[in-house]
Structure formats: structure tokens, C-alpha cells
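The chain contents come next:
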Amino acid sequence: MELYEQVFENNRQWVAESKERDPEYFKNMAMGQSPEFLYIGCADSRVQPEDFMGVSPGQVFVHRNIANLIPNNDMNSLSVVQYAVEHLKVKHIIVCGHYGCGGVAASMEHHDLGKLNIWLRNIEDVYRLYRVELDAILDKKARQNRLVELNVWEQCLNIMKLSFVQRARAKGDYPKIHGWVYDLENGVVNDMKINMRSMMTELAPYIIE
Ligand code: CO
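These figures come from a predicted structure and were not determined experimentally.

## Examining the pairing of strand β4 (residues 176-182)
Inference 1: Taken across its 7 residues, β4 has 6 buried, putting it largely inside the fold.
Inference 2: With 3 bridges joining them, β4 and strand β5 (residues 189-191) adopt antiparallel strand pairing. Residue pairing in the sheet places V181 in a bridge with N190 of β5.

Below you can see the structure in the form of C-alpha cells.
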């Protein structure tokens, strides 16, 4: 059987098993969602947040794209963040990059990749901001991995800059913004422990009144 056909077989089994565990499972699921997390991660097929976070459907609102970017003019990711903050009222926004990210690696190669060039330019801009630090790292893999981390930090800043995020935070302590890096080689997720206070200090000149 081809994998394509197999997935329908898998689905039937999964439905049956889920109902056996809890006959009301799908009925309850259909009633609505109130996830605590917004997860923004890479589209990479090997990085599956629900698996490595050990959470169930309904607990994480997910947005994934190449290299976990939230560009300032990307209606798609910005709509996701706004919906998650204003309507779902998530407590935590997680930006999760991963070591060995193909998108980050490609941004350092400068080949013509068509439309992808425009998307990857967002990461090239991050490189430009940290050129001195990055150019000093001689090992290519280590340099890529550092860019993965810096890219996560910059995307967290992009989220922090959003007026609706600032409005929500002015009313309380949430949403908290977290930068993570997932390591494909051992499955471990590392919290970069972003200090939101220092992030706000860095952003202070750009905050909208
Ligand atoms: Co990736």
C-alpha cells in the first residue's frame, strides 16, 4: 500500500481508538478551543511541536512557515498572532527555531531560489544586524546555529513590536513571549530565556503611544 492510501487506514484506526478511549472525544473537541499557547515554528517535517511538547490537540494554536518568521508585512503570520492574542487570549507565545534549519542555511548561501529569495531575505537581514558576531564564528555549522538563535530573538522582537501585543500586555502579564530552539539531533528543546524587560528597553524608542 502506498503511504497516501495508508494514511486513510491510519485515520480510521485513530478515530476508533480515540472513541474507545473517550466516546465523547470528538464531540468535546468540536465544541471549541481555548489553547494556552501560540506556537510559531518552522515548517520542517521533523519538528512536530505537539510531540515534543507532549500536549494534546486543543492546547496549542500553531503557525508554521519556513524558518519560523513573523515579517512585519506578512498578513498570514500577523493575523495568526492577532487572533491568538485578542480572541484566543493565549498566555504564551513561543517562537521555536531549530538547529540544522534548511531555511537559515539557504539564507547564507545566496543562490537564486526564486520567490524564496524574498522570504529568506528576512533572515539575511538578521545576519546583517549581527554580522560582526557571526563572521567571527569560523565553523560553518556553528555559525548557522547561532543565526538560528539570533533569528528566533529577532522574531520575538517583531512580535513584541506589535501594537495589539503591547495593548494586551499593558492590561496584564500576558502574553509572555518565549524563544526556543529545538535540537534535531537529540530532540531537546532549549528555552533561550528571553528577558522581556530588556527586550522592552531595546524597543523603547519604537513603542507606539
Ligand atoms: Co527549518
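Continuing now.
## What about the sheet that holds strand β3 (residues 92-98)?
Inference 1: One open sheet accounts for 5 strands, arranged β2-β1-β3-β4-β5; its pairing is mixed. This sheet does not close on itself; its edge strands, each paired only once, are β2 (60-65) and β5. Going from strand to strand, the sheet's axes swing by 25° on average, the running direction of each strand aside.
Inference 2: In the sheet, strand β1 (residues 37-42) pairs with β2 via 6 bridges, with the strands oriented parallel. Within β2, the residue paired with G41 across the bridge is R64.

## As for the pairing of β1
Inference 1: Of all 6 residues in β1, 5 are buried, a share of seventy percent or more.
Inference 2: Note: β1 against β3, 5 bridges, orientation parallel. When the bridges of β3 are listed, Y39 appears paired with I94.

## A word on the environment of K171
Inference 1: Position of K171 relative to the elements: it lies in helix α9 (residues 163-171).
Inference 2: Since its relative accessible area comes to 75%, K171 is described here as exposed.

## Regarding the nonpolar core
Inference 1: Counting residues in each nonpolar core, the largest one holds 44 residues, and the members touching the most others are L38, V81, I93, L147, I159, V165 and I177.
Inference 2: Of all the elements in the fold, those that place two or more residues in this core are β1, α4 (75-86), β3, α6 (116-129), α8 (140-160), α9, β4 and α10 (196-203).
Inference 3: Sorting elements by how many residues they give to this core places α8 first, with 9 residues.
Inference 4: In this structure, Y39, V47, I94 and C96 belong to the second largest nonpolar core, which totals 10 residues.

## So, the coordination of the cobalt ion
Inference 1: Protein-derived ligands of the cobalt ion are C42 (SG), H98 (NE2) and C101 (SG), with the metal-ligand distances lying across 2.1 to 2.3 Å.
Inference 2: Mapped onto the sequence, the donors of the cobalt ion take the spacing C-x55-H-x2-C. With a gap of 56 residues between them, C42 in strand β1 and H98 in strand β3 connect regions that are remote in the sequence.
Inference 3: Classification of C42 by relative accessible area gives buried; the value is 6%.

Cut-offs used in this document
Residues numbered from 1 in each chain as written. Predicted model: local features only at pLDDT ≥ 70, side-chain atom pairs only at ≥ 80, totals over all residues. Heavy atoms only, no water. Buried < 20%, exposed > 50% of the residue type's maximum accessible area, 1.4 Å probe, protein only. Helix = DSSP H or I, 4+ residues; strand = E, 2+ residues; numbered from the N terminus. Pairing = 2+ DSSP bridges. Axes fitted to C-alpha atoms, helices over the stretch in contact; angles between N-to-C directions. Core = buried A, V, L, I, M, F, W, Y, C linked by side-chain atoms within 4.5 Å. Donors = N, O, S within 2.8 Å, 3.2 Å for Na, K, Ca; no water.

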